[in-house]
Amino acid sequence: MIVSGGAVAIGASAGAIQMLLRILPALPKTYPLPVFVVVHVPPGRRSELATLFAGKCRIAVQEAEDKQPVIAGTITFAPPDYHMLIETDRTLSLSTDDPVFFSRPSIDVLFESAADAYGAAMTGVILTGANEDGANGLRAIGLCGGRTIVQNPATAYARAMPEAALARWPSACVLGPDQIVESLIAAVDS
Amino acid sequence: MDAALTVMDELTTEDIEIRLLLEALYRRYHYDFRNYAQASIKRRLRQARQQLGVATFSALQDRLLHDPEAASRVVRLLTVQVSDFFRDPGYFRAIREKVVPHLKTYPSLKVWIAGCSAGEELHSFAILFREEGLEDRTLFYATDINQSALDAAAQGIYPISRLQAFTENHRLSGGRSSLSDYYTTGYGGAVFDKSLRERVVFSDHSLVTDAVFSEMHLISCRNVMIYFDRQLQDRALGLFSDSLIRNGFLGLGSKESLRFSARADDFVDFVKDEKIYQRRMA
Ligand SMILES: C[S@@+](CC[C@H](N)C(=O)[O-])C[C@H]1O[C@@H](n2cnc3c(N)ncnc32)[C@H](O)[C@@H]1O
């Protein structure tokens, strides 16, 4: 069930943009993995996230469309007001199911589906945020043998989300912003 | 004692259980979720498992085979009901500004709202068509597989707490009237005028198992096919293609697209940003 060529999923809420601006633009042009990102944003017609980051990143950036195949070396943001899920056939699907922890998109929904699709080849990263979304999802990735990373709450703009993730999955690596970047890059170099 | 069998791991045990459960639901009750997008089906079945207090999907299967009441709860859970009046106002604005001028050239119109949920989208269209002077020549078909949603759609009653958002969306869609012209509020909620539903045929119709409609001018099917896998999406699009008149219109949800479908060639972009397509000339 576990297929080579893993993937990275990142979840962030309050303080997300600033943290992501430290991480995503630091990924090298040759970064080989797909990177899925859920940021809690208020529902709006169009999210500016993909546009904002496209101008700053060295790899391609897009907002997800339903049934799109997963693309390596590309950052994909969940659209506002939709959950983003990864199917086992490596396509993206969207849903308008109920919000999770008042959030749609929800980090749990992405992470749990990604754990099912990628198993041990999955890396999950929980960054700054003020609620508990993502904790269950990170645990799901951990239980499948995937890599789990949580931003050091001391470095987070809002510490509730990384703390909740650590409470739910204590064996996650606790890293500061720069170490997170190093670790995402080192994992694919080795 | 025999040795335990070796576990083959192309599919996880859960995936096997889910396939069997969906097969059982189909064979027993003719609800066909076998080709729905797996990731969200799995999520919702996990919720069902929890709500019905059973430990495994196999136990859930057992339960719903023998307990039609439980089966109906699961079906309700599997058919998500999230909708809004004038959801994505830009879509309705594009219908109003770009599609309506074409529709005005036909003496009579048939419009199909597929996956109409509790009627929010249907009422939006009915109001828009009244505002644009098309109502009298139009017959609407509103279909869904969730019977309680269809019943709610035929009632046209919504919680008063939702009116503010409805009103704002209506305004943003370019509404020419005041939404409050169309409902009266009472104890039960906001009751939308029944004249809006006079020219509507409600019916239980599945895009998975049921047949085509004929000679539609416009089909709006929003946020339904996101729950299908690609094969099923292609089937539904085939159905739409066969149900539309030449140059008829198809509107999808704002994150849906024909780009990844085998039936993409049946349609051309009409308002690209709003996912409104036109049936290609045969
Ligand atoms: C998320 S709602 C979309 C409501 C509305 N169209 C909108 O965009 O706001 C999805 C609807 O699709 C219906 N549905 C699911 N499977 C279906 C099928 N096979 N055929 C017809 N409708 C289906 C569900 O019952 C639900 O009412």
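Thresholds, definitions, all that
Residues numbered from 1 in each chain as written. Chains lettered and ligands numbered in written order. Predicted model: local features only at pLDDT ≥ 70, side-chain atom pairs only at ≥ 80, totals over all residues. Heavy atoms only, no water. Helix = DSSP H or I, 4+ residues; strand = E, 2+ residues; numbered from the N terminus. Pairing = 2+ DSSP bridges. Axes fitted to C-alpha atoms, helices over the stretch in contact; angles between N-to-C directions. Contact = heavy atoms within 4.5 Å. Core = buried A, V, L, I, M, F, W, Y, C linked by side-chain atoms within 4.5 Å. Buried < 20%, exposed > 50% of the residue type's maximum accessible area, 1.4 Å probe, protein only. Domains from an automatic or database assignment. Parallel < 35°, antiparallel > 145°, perpendicular 65-115°, else oblique. Left-handed = near helix turned anticlockwise from the far one by under 90°. Nonpolar A, V, L, I, M, F, W, Y, C, P; charged D, E, K, R; others polar. Near = heavy atom within 4 Å. Polar contact = N/O pair within 3.5 Å; in protein donor to acceptor, adjacent residues only side chain to side chain. Areas by Shrake-Rupley, 256 points an atom, 1.4 Å probe, with all protein chains shown as cover. Patch = residues over 30% accessible without salt bridge, like charges linked within 9 Å, V, L, I, M, F, W, Y side chains within 5 Å. Salt bridge = Lys/Arg side-chain N within 4 Å of Asp/Glu carboxyl O. Buried area = accessible area lost by both parts, 1.4 Å probe.

Draft legend 1. Structural view of unusual backbone geometry. Note that the residue after R104 of chain A, namely P105 of chain A, is joined by a cis bond; omega there is 5°. Tracing the backbone shows P105 of chain A in the loop between β6 (92–95) and α3 (107–118). Of note in this structure, H30 of chain B is not a glycine but carries a positive phi near 60°. With respect to the element layout, H30 of chain B can be found in the loop between α1 (13–29) and α2 (38–51). The residue D88 of chain B is not glycine, and still its phi comes out positive at about 55°. Here D88 of chain B shows up in the loop between α4 (68–78) and α5 (89–103).

Draft legend 2. Seen up close, the sheet that holds strand β9 (residues 267–271) of chain B. Residue and element names in this part refer to chain B. Taking strand neighbours across the sheet as the criterion, the seven strands line up as β6-β2-β1-β7-β8-β10-β9 in an open arrangement whose pairing is mixed. Every interior strand has two partners, whereas the edge strands, β6 (200–204) and β9, have only one. Going from strand to strand, the sheet's axes swing by 20° on average, the running direction of each strand aside. Pairing analysis gives five bridges linking strand β7 (residues 216–221) to strand β8 (residues 244–252), with the strands arranged parallel. Considered in β8, the bridge of C221 is made with L252. Packed on one face of the sheet, helix α6 (residues 120–131) meets β1 (109–114), β2 (138–144), β6 and β7 and runs near 170° to β2.

Draft legend 3. Local environment of the nonpolar core. If you look at the biggest cluster of nonpolar residues, it comprises 75 residues, and the most contacted ones within it are L45, L60, W112, L207, F228 and F240 of chain B. Looking at which element gives the most residues to this core, the answer is α3 of chain A, with seven residues. Both domains that furnish three or more residues to this core are identified here as domain 1 (2–79) and domain 2 (89–279) of chain B. In contact with F228 of chain B, other than residues within four places in its own chain, are K67 of chain A together with N35, Y36, A37, L207, V208, Q233 and A236 of chain B.

Draft legend 4. Representation of the packing of helix α4 (residues 135–143) of chain A against helix α5 (residues 160–168) of chain A in the model. Residues and elements named next belong to chain A. In the contact formed by α4 and α5, the axes pass within 8 Å of each other and the chain directions differ by 40°. Judged by the angle between their axes, α4 and α5 are oblique. Between α4 and α5 lies a crossing of right-handed hand. Only A164, A165 and R168 of α5 make contact with α4, whose side of the interface consists of A135, N136, L138 and R139. Partitioning the contact of α4 with α5 into residue classes produces four nonpolar, one polar and two charged.

Draft legend 5. Up close: the site of the ligand. Near the ligand you find 22 residues, and of these Y36, S83, R87, E121 and D144 of chain B are the closest. Residues close to the ligand are split across chains A and B. One of the backbone N or O atoms of G115 of chain B is found 3.0 Å from a nitrogen atom in the ligand. Coverage of the ligand by the protein amounts to 99% of the 600 Å² it exposes when considered alone. Of the residues belonging to the shell around the ligand, the class tally is eight nonpolar, ten polar and four charged.

Draft legend 6. Spotlight on a nonpolar patch on the surface. A surface patch of nonpolar side chains, amounting to about 190 Å² of accessible area, comprises I17, L21 and L52 of chain A. When you line up the elements, I17 of chain A lands in helix α1 (residues 16–23).

Draft legend 7. Examining the domain arrangement of chain B more closely. All names here are of chain B. The assigned domain composition of chain B is domain 1 (2–79) and domain 2 (89–279). Of the residues lining the interface, ten residues belong to domain 1; the matching set on domain 2 comes to eleven residues. Of the roughly 970 Å² buried between domain 1 and domain 2, counting both surfaces, carbon and sulfur atoms make up 54%. Seen at the junction of domain 1 and domain 2, the total is zero salt bridges. Applying the counting criterion to the domain 1 and domain 2 interface returns three residue pairs in polar contact (both at pLDDT 80 or more). The residue makeup of the side of domain 1 that touches domain 2, split by class, is four nonpolar, three polar and three charged.

Draft legend 8. Here's a closer look at the interface of chain A and chain B. The interface is formed by 29 residues belonging to chain A together with 31 residues belonging to chain B. Across the contact surface, chain A and chain B share seven salt bridges. The residue E65 of chain A makes a salt bridge to R259 of chain B at a minimum N-O spacing of 3.0 Å. The interface formed by chain A and chain B includes 17 residue pairs in polar contact (both at pLDDT 80 or more). At the level of secondary structure, the elements contributing two or more residues to the side of chain A that touches chain B comprise β5 (83–86), β6 and α3 of chain A. Looking at the side of chain A that touches chain B, the element that brings in the most residues is α3 of chain A, giving five residues. Taken together, the residues of the side of chain A that touches chain B sort by class into ten nonpolar, six polar and 13 charged.

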